[in-house]
Amino acid sequence: MLSTAEIGIDLGTANILIYSKSKGIVLNEPSVVAIDLNTKNVVAVGSEAKEMVGKTPQNIVPIRPLKDGVIADYDVTAQMLKEFLKKVSKKMGLSMRKPTVVVCTPSGSTTVERRAIHNAVSSYGAKHVHLIEEPVAAAIGADLPVDEPIANVIVDIGGGTSEVGIISFGGVVSCNSIRTGGDKMDEEIINYIRKNYNIMIGERTAENIKMEIGHANENHTEESTEVRGRDMVSGLPKTVSVSSKEVYSALKESLEQILETIRSTLENCPPELSGDIVDRGIVLTGGGSMLNGIQDWLSDEIIVPVHIAPNQLESVAIGTGRSLKMISKLQKAAK
Ligand code: ADP
Ligand code: MG
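Bear in mind the structure is a predicted one, so any value in this text is a computation, not a measurement.

Focus: the site of ligand 1
- Near ligand 1 you find 17 residues, and of these Thr-13, Ala-14, Asn-15, Glu-207 and Lys-210 are the closest.
- Within the side chain of Glu-207, an N or O atom sits 2.5 Å from an oxygen atom of ligand 1.
- Gly-288 is positioned with one of its backbone polar atoms (N or O) 3.4 Å from an oxygen atom of ligand 1.
- Relative to its unbound accessible area of 580 Å², ligand 1 is 91% covered by the protein chains.
- Mapped by element, the contributors of at least two residues to the shell around ligand 1 are α5 (182-197) and α6 (203-213).
- Per element, the largest residue contribution to the shell around ligand 1 is three residues, and it comes from α6.
- Across the shell around ligand 1, the residue classes tally to five nonpolar, nine polar and three charged.

Comments concerning the UniProt feature "binding site: ATP" (unreviewed entry) in the protein chain
- Under the UniProt annotation, the feature "binding site: ATP" (unreviewed entry) is placed at Thr-13, Ala-14, Asn-15, Gly-159, Gly-160, Thr-161, Glu-207, Asn-208, Ile-209 and Lys-210.
- Along the chain, Gly-160 falls in the loop between β9 (152-157) and β10 (162-168).
- Sequence-distant contacts of Gly-160, that is, excluding residues within four places in its chain, are made with Thr-13, Lys-67, Ile-178, Arg-179, Thr-180, Gly-181 and Asp-183.
- Examined against the element boundaries, Thr-161 turns out to sit in the loop between β9 and β10.

A few points about the sheet that holds strand β16 (residues 306-308)
- The strand order β11-β10-β9-β15-β16 describes an open sheet built from five strands, whose pairing is mixed. On the outer flanks of this sheet lie β11 (171-178) and β16, each paired with one strand and no other. Ignoring which end each strand starts from, the neighbouring axes of this sheet average 20 degrees apart.
- Of the strand pairs in this sheet, strand β15 (residues 282-285) and β16 are connected by three bridges, and their pairing is parallel. Considered in β16, the bridge of Leu-284 is made with Ile-308.
- Where helix α4 (residues 134-141) meets the sheet, it contacts β9, β10, β11 and β15, and its direction lies at approximately 70 degrees from that of β10.

With respect to the packing of α5 against α6
- Direction vectors running N to C along α5 and α6 enclose 100 degrees, while the axes themselves pass 9 Å from each other. With respect to each other, α5 and α6 are oriented roughly perpendicular. Residues Gly-182, Met-185, Asp-186, Ile-189, Ile-190 and Ile-193 of α5 form the contact with α6, whose participating residues are Glu-203, Ala-206, Glu-207, Ile-209 and Lys-210.
- For the contact of α5 with α6, the per-class residue count stands at six nonpolar, one polar and four charged.

Structural notes on the nonpolar core
- Ile-189, Ile-193, Ile-201, Ile-262, Ile-277 and Ile-282 are the most contacted members of the largest nonpolar core, which totals 40 residues.
- It is helix α7 (residues 244-267) that provides the largest number of residues to this core, a total of eight residues.
- If near-sequence neighbours (up to four positions away) are discounted, Ile-193 is found in contact with Asn-198, Ile-199, Ile-201, Ile-209, Val-227 and Val-242.
- If you look at the next biggest cluster of nonpolar residues, it comprises 27 residues, including Ile-16, Ile-35, Leu-66 and Ala-78.

Observations regarding the environment of Lys-245
- Examined against the element boundaries, Lys-245 turns out to sit in helix α7.
- On a C-alpha basis, the gap between Lys-245 and Ile-190 in space is 15 Å, while along the polypeptide they are 55 residues apart.
- Every residue in contact with Lys-245, bar those within four places of it in the chain, is listed here: Glu-218, His-220 and Glu-222.

Looking at the environment of Ile-303
- When you line up the elements, Ile-303 lands in the loop between α9 (294-302) and β16.
- Linking Ile-303 and Gly-281, residues 22 residues apart in sequence, is a C-alpha distance of 8.9 Å.

Some points on the pairing of β15
- Burial along β15 is two-sided: Ile-282 and Leu-284 facing one way and Val-283 and Thr-285 facing the other are all buried.
- For β9 and β15, the ladder comprises four bridges, and the chain directions are parallel. Bridged to Val-153 within β15 is Ile-282.
- In the classification by handedness, the crossover that spans β15, the intervening α9 and the parallel β16 is right-handed.

Looking at the sheet that holds strand β1 (residues 6-11)
- Strands sit in the order β3-β2-β1-β7-β8 across an open sheet of five strands; the sheet is mixed. Because the sheet does not close on itself, it has two edges, and the strands there are β3 (24-30) and β8 (128-133). Taking the axes of each pair of neighbouring strands and ignoring which way they run, one obtains an average angle of 20 degrees across the sheet.
- By the bridge criterion, six bridges tie strand β2 (residues 15-20) to β3 in an arrangement that is antiparallel. Of the residues in β3, the one forming a bridge with Asn-15 is Pro-30.
- Contacts between helix α2 (residues 74-91) and the sheet are confined to β1, β2 and β3, with β3 contributing the most and set at about 140 degrees to the helix.

Analysis parameters
Residues numbered from 1 in each chain as written. Chains lettered and ligands numbered in written order. Predicted model: local features only at pLDDT ≥ 70, side-chain atom pairs only at ≥ 80, totals over all residues. Heavy atoms only, no water. Near = heavy atom within 4 Å. Polar contact = N/O pair within 3.5 Å; in protein donor to acceptor, adjacent residues only side chain to side chain. Areas by Shrake-Rupley, 256 points an atom, 1.4 Å probe, with all protein chains shown as cover. Helix = DSSP H or I, 4+ residues; strand = E, 2+ residues; numbered from the N terminus. Nonpolar A, V, L, I, M, F, W, Y, C, P; charged D, E, K, R; others polar. UniProt positions renumbered as here; feature names shortened; annotations may be inferred. Contact = heavy atoms within 4.5 Å. Pairing = 2+ DSSP bridges. Axes fitted to C-alpha atoms, helices over the stretch in contact; angles between N-to-C directions. Parallel < 35°, antiparallel > 145°, perpendicular 65-115°, else oblique. Core = buried A, V, L, I, M, F, W, Y, C linked by side-chain atoms within 4.5 Å. Buried < 20%, exposed > 50% of the residue type's maximum accessible area, 1.4 Å probe, protein only. Right-handed = clockwise from strand over helix to strand, strands pointing away.

This is the structure:
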């Protein structure tokens with residue numbers, strides 16, 4: 001007899017991951033979908049669509065429907081999810097017959113947005129759909145003892161949002177979400193290069209610069225990289241050399257905003273739990289936690305230990321999948 005599948009989905013603003021209880025991570029793709037405006041058909045999803053960003057003819061537009069941490073476009077998100085579920089069931093041979101699905105939602109999302117996610121997954125034929133808040137999933141995936149009455153602090157720096165949550169006894173004690181994350185950093189790099197070099201670069205180029213030489217600490221060994229873009233005066237392609245100190249100055253404001261959110265969350269922590277944080281520290285996850293120097297910079301700023309979660313890019317998906325077991329215990333799991 002076919003057992004029904006149990007699936008966890010991390011509906012991230014930059015990347016979507018699907019985790020199956022039996023097979024582990026079965027899909028990990030950018031949350032991008034390319035639509036043909038003439039026919040309204042989906043032309044490509046995931047990596048294939050991300051490759052198209054900034055390179056398509058006018059009738060084909062790559063869309064990131066979750067870009068700012070909310071479902072900007074419900075229809076497109078639903079279509080994208082369906083394409084990914086189809087891909088997983090075909091390629092991985094995963095039984096998609098009436099699966100039980102847990103989807104992780106950004107903690108700042110509204111009831112309407114949650115309902116939209118719920119509907120998108122149900123319409124694919126899921127038998128049961130549960131929603132779990134992102135910080136809880138992130139903490140479970142990072143192997144934190146979320147069931148115990150101790151403060152587990154998780155900081156998830158994603159593409160569109162950064163979330164800071166304190167989880168104790170299976171529930172969210174306090175949580176803050178800001179719409180600043182990796183995307184904002186990329187934008188700041190684009191702005192910096194435009195203002196200082198009169199060169200326009202694309203999002204992909206900015207992201208590569210950030211990953212390559214971006215740094216959270218002002219004091220670091222300086223490096224440089226060649227950056228190619230379009231000269232805004234001549235309109236021709238141009239290459240310039242940009243240093244990591246310059247990139248740092250572009251990233252600084254976004255990092256300060258993330259720091260401020262962490263600080264205020266810790267300040268509002270119930271006193272009984274504050275002691276735990278001093279001892280146990282905080283755990284960073286999400287793609288933004290891969291920025292060079294972020295661990296040392298943060299621990300200097302907040303003066304508590306800072307740890308990096310194992311599998312930063314996968315911990316939310318893994319936690320979402322694992323949460324099935326404890327879903328009934330989750331106090332704040334939204335409907
Ligand atoms: P989401 O959960 O919102 O989908 P992710 O956790 O997948 O986001 O993280 C995506 C973000 O992490 C992107 O902005 C990406 O540029 C950033 N990122 C990935 N790797 C690195 C790196 N090595 N250094 C800095 N940022 C990174
Ligand atoms: Mg995420």
